[in-house]
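Survey of secondary and tertiary structure
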Amino acid sequence: MARAPKLKVYCAPMGFHDALVAAPSQKAALKAWGTTTDLFAAGRASIVEDPDLQKLALARPGEVVKHSRGDEAAILQDIETTEGKRKPSRAKAPAPKTKAAPPPDRSKLEDAERELDAAKRELDARLAELARQRSELEAEERTARRDGEANIFELERERAKAARDYEAALKRHARS
(Lines give C-alpha, C1' and ligand atoms only; values in the text may rest on other atoms or scores of the structure.)
Protein backbone atom coordinates (compact mmCIF):
# COMPACT_ATOMS: atom_id res chain seq x y z
CA MET A 1 0.00 0.00 0.00
CA ALA A 2 1.41 3.40 -1.03
CA ARG A 3 2.15 5.73 1.75
CA ALA A 4 0.33 9.12 1.58
CA PRO A 5 2.66 12.10 1.30
CA LYS A 6 3.22 14.06 4.49
CA LEU A 7 1.10 17.20 4.48
CA LYS A 8 2.29 20.64 5.43
CA VAL A 9 0.02 23.58 6.14
CA TYR A 10 0.52 26.73 4.07
CA CYS A 11 -1.02 30.16 4.47
CA ALA A 12 -1.52 33.10 2.07
CA PRO A 13 -3.45 36.34 2.65
CA MET A 14 -6.58 36.63 0.51
CA GLY A 15 -8.34 39.97 1.07
CA PHE A 16 -9.47 40.17 4.69
CA HIS A 17 -8.84 36.46 5.22
CA ASP A 18 -5.99 34.02 5.39
CA ALA A 19 -6.31 31.05 3.08
CA LEU A 20 -4.99 27.87 4.71
CA VAL A 21 -4.35 24.66 2.84
CA ALA A 22 -2.89 21.33 3.89
CA ALA A 23 -0.84 20.12 0.92
CA PRO A 24 2.20 17.94 0.26
CA SER A 25 4.17 20.77 -1.43
CA GLN A 26 4.23 24.49 -2.16
CA LYS A 27 3.32 23.73 -5.75
CA ALA A 28 0.22 21.81 -4.59
CA ALA A 29 -0.70 24.70 -2.27
CA LEU A 30 -0.45 27.20 -5.14
CA LYS A 31 -2.67 24.92 -7.25
CA ALA A 32 -5.24 24.73 -4.44
CA TRP A 33 -5.26 28.52 -4.21
CA GLY A 34 -5.75 28.69 -7.98
CA THR A 35 -2.63 30.70 -8.79
CA THR A 36 0.44 30.15 -10.90
CA THR A 37 2.27 33.08 -9.31
CA ASP A 38 4.88 31.90 -6.84
CA LEU A 39 3.50 33.52 -3.71
CA PHE A 40 6.25 31.92 -1.64
CA ALA A 41 9.03 33.56 -3.65
CA ALA A 42 7.19 36.89 -3.40
CA GLY A 43 7.01 36.52 0.40
CA ARG A 44 3.19 36.46 0.32
CA ALA A 45 2.78 32.83 1.44
CA SER A 46 4.44 30.78 4.14
CA ILE A 47 4.36 27.56 6.12
CA VAL A 48 2.04 27.67 9.12
CA GLU A 49 3.70 27.00 12.48
CA ASP A 50 0.67 27.61 14.72
CA PRO A 51 -0.66 24.20 15.86
CA ASP A 52 -4.26 25.44 16.06
CA LEU A 53 -4.15 26.70 12.46
CA GLN A 54 -2.46 23.46 11.36
CA LYS A 55 -5.19 21.45 13.01
CA LEU A 56 -7.87 23.45 11.23
CA ALA A 57 -6.33 22.93 7.76
CA LEU A 58 -5.34 19.27 8.32
CA ALA A 59 -8.99 18.45 9.08
CA ARG A 60 -9.71 19.18 5.37
CA PRO A 61 -6.57 18.26 3.36
CA GLY A 62 -6.32 19.78 -0.10
CA GLU A 63 -9.17 22.24 0.52
CA VAL A 64 -8.69 25.95 1.04
CA VAL A 65 -9.92 26.97 4.46
CA LYS A 66 -10.44 30.71 4.86
CA HIS A 67 -10.58 32.51 8.15
CA SER A 68 -10.56 36.16 9.23
CA ARG A 69 -7.36 37.40 10.74
CA GLY A 70 -7.50 38.45 14.36
CA ASP A 71 -10.34 36.39 15.90
CA GLU A 72 -8.79 33.71 18.12
CA ALA A 73 -12.15 32.56 19.49
CA ALA A 74 -13.42 31.78 15.99
CA ILE A 75 -10.48 29.53 15.15
CA LEU A 76 -10.91 27.59 18.36
CA GLN A 77 -14.59 27.16 17.51
CA ASP A 78 -13.63 25.96 14.00
CA ILE A 79 -11.25 23.39 15.48
CA GLU A 80 -13.91 22.15 17.91
CA THR A 81 -16.52 21.81 15.16
CA THR A 82 -14.00 20.05 12.89
CA GLU A 83 -13.18 17.55 15.61
CA GLY A 84 -16.89 17.05 16.20
CA LYS A 85 -17.21 16.24 12.45
CA ARG A 86 -19.21 19.37 11.71
CA LYS A 87 -18.14 21.64 8.89
CA PRO A 88 -15.86 24.50 10.03
CA SER A 89 -17.19 28.01 9.64
CA ARG A 90 -14.19 28.96 7.46
CA ALA A 91 -13.99 32.25 9.24
CA LYS A 92 -12.06 34.11 11.86
CA ALA A 93 -8.56 33.19 12.99
CA PRO A 94 -6.16 34.88 15.32
CA ALA A 95 -3.89 37.56 14.05
CA PRO A 96 -0.25 36.69 14.29
CA LYS A 97 1.07 37.74 17.65
CA THR A 98 3.83 40.21 17.02
CA LYS A 99 5.45 42.52 19.44
CA ALA A 100 4.75 46.11 18.48
CA ALA A 101 7.91 47.93 17.56
CA PRO A 102 8.50 51.18 19.40
CA PRO A 103 7.51 54.26 17.42
CA PRO A 104 10.33 55.91 15.50
CA ASP A 105 12.28 58.72 17.13
CA ARG A 106 10.65 62.09 16.33
CA SER A 107 13.36 64.24 17.89
CA LYS A 108 15.14 65.08 14.60
CA LEU A 109 11.81 65.97 12.97
CA GLU A 110 10.84 68.15 15.94
CA ASP A 111 14.26 69.86 15.88
CA ALA A 112 13.92 70.52 12.14
CA GLU A 113 10.39 71.91 12.64
CA ARG A 114 11.62 74.22 15.44
CA GLU A 115 14.49 75.46 13.24
CA LEU A 116 12.10 76.01 10.33
CA ASP A 117 9.65 77.94 12.52
CA ALA A 118 12.49 80.08 13.94
CA ALA A 119 13.78 80.83 10.42
CA LYS A 120 10.28 81.82 9.28
CA ARG A 121 9.85 84.13 12.29
CA GLU A 122 13.29 85.66 11.66
CA LEU A 123 12.46 86.25 7.99
CA ASP A 124 9.10 87.81 8.88
CA ALA A 125 10.79 90.12 11.41
CA ARG A 126 13.50 91.13 8.90
CA LEU A 127 10.94 91.83 6.18
CA ALA A 128 8.82 93.86 8.62
CA GLU A 129 11.92 95.91 9.58
CA LEU A 130 12.75 96.51 5.91
CA ALA A 131 9.15 97.55 5.22
CA ARG A 132 9.34 100.02 8.15
CA GLN A 133 12.65 101.39 6.83
CA ARG A 134 11.22 101.64 3.31
CA SER A 135 8.24 103.58 4.66
CA GLU A 136 10.56 105.98 6.51
CA LEU A 137 12.71 106.44 3.39
CA GLU A 138 9.65 107.11 1.24
CA ALA A 139 8.49 109.74 3.74
CA GLU A 140 11.99 111.29 3.72
CA GLU A 141 11.97 111.23 -0.09
CA ARG A 142 8.61 113.02 -0.22
CA THR A 143 9.87 115.66 2.21
CA ALA A 144 13.17 116.09 0.32
CA ARG A 145 11.35 116.32 -3.02
CA ARG A 146 8.84 118.87 -1.68
CA ASP A 147 11.52 120.98 0.04
CA GLY A 148 13.97 120.68 -2.90
CA GLU A 149 11.34 121.55 -5.51
CA ALA A 150 10.20 124.54 -3.44
CA ASN A 151 13.83 125.69 -3.15
CA ILE A 152 14.43 125.21 -6.91
CA PHE A 153 11.22 127.11 -7.70
CA GLU A 154 12.35 130.00 -5.51
CA LEU A 155 15.86 129.98 -7.03
CA GLU A 156 14.41 129.89 -10.57
CA ARG A 157 12.26 132.93 -9.69
CA GLU A 158 15.32 134.72 -8.37
CA ARG A 159 17.34 133.77 -11.50
CA ALA A 160 14.54 134.95 -13.79
CA LYS A 161 14.39 138.27 -11.88
CA ALA A 162 18.20 138.56 -12.08
CA ALA A 163 18.06 137.81 -15.85
CA ARG A 164 15.41 140.52 -16.35
CA ASP A 165 17.40 142.97 -14.29
CA TYR A 166 20.54 142.17 -16.31
CA GLU A 167 18.73 142.55 -19.66
CA ALA A 168 17.37 145.90 -18.50
CA ALA A 169 20.82 147.00 -17.40
CA LEU A 170 22.28 145.98 -20.78
CA LYS A 171 19.64 148.00 -22.61
CA ARG A 172 20.32 151.00 -20.43
CA HIS A 173 24.02 150.62 -21.01
CA ALA A 174 23.58 150.34 -24.78
CA ARG A 175 21.58 153.60 -24.83
CA SER A 176 24.17 155.48 -22.96
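Everything below is about the structure shown above.
The sections below set out a description of the structure shown in this document. Note that the structure is a prediction, hence the values are computed from the model and not measured. (Residues numbered from 1 in each chain as written. Predicted model: local features only at pLDDT ≥ 70, side-chain atom pairs only at ≥ 80, totals over all residues. Heavy atoms only, no water.)

Turning our attention to the pairing of strand β4 (residues 65-68). In β4, alternate side chains face the same way, and those of Val65 and His67 are buried while those of Lys66 and Ser68 on the opposite face are not. With four bridges joining them, strand β2 (residues 17-23) and β4 adopt antiparallel strand pairing. Counterpart to His17 in the pairing with β4 is Ser68. (Buried < 20%, exposed > 50% of the residue type's maximum accessible area, 1.4 Å probe, protein only. Helix = DSSP H or I, 4+ residues; strand = E, 2+ residues; numbered from the N terminus. Pairing = 2+ DSSP bridges.)

Think of a sheet as strands paired side by side through backbone hydrogen bonds, with each pair either parallel or antiparallel. Taken together, the four strands give an open sheet; going across it, the order is β3-β1-β2-β4, and neighbouring strands pair in antiparallel fashion. Edge positions in the open sheet fall to β3 (46-47) and β4, since each of these has one partner strand only. Contacts between helix α1 (residues 26-33) and the sheet are confined to β1 (8-14) and β2, with β2 contributing the most and set at about 130 degrees to the helix. Lying on the sheet, helix α2 (residues 51-58) is in contact with β1, β2 and β4; it crosses β2 at an angle near 65 degrees. (Contact = heavy atoms within 4.5 Å. Axes fitted to C-alpha atoms, helices over the stretch in contact; angles between N-to-C directions.)

Next up on the list: the pairing of β2. The buried count for β2 comes to six of seven residues, which makes it a mostly enclosed element. Across seven bridges, β1 lies against β2 in antiparallel orientation. Counted as the bridge partner of Lys8 is Ala23 from β2. From the end of β1 to the start of β2, which pair antiparallel, there are two residues, and Gly15 there has a positive phi angle of about 65 degrees.

Right, let's get into the pattern of salt bridges. By the definition in use, this model includes nine salt bridges. For Asp165, the salt bridge is made with Lys161, and the minimal N-O distance between the two is 3.2 Å. Of this pair, Asp165 and Lys161 are both found in helix α4 (residues 107-175), four residues apart, which corresponds to roughly one turn of the helix. For Lys161, a relative accessible area of 46% translates into the label partly exposed. Salt bridges here are not isolated pairs; linked through shared partners, they connect Glu129, Arg132 and Glu136. (Salt bridge = Lys/Arg side-chain N within 4 Å of Asp/Glu carboxyl O.)

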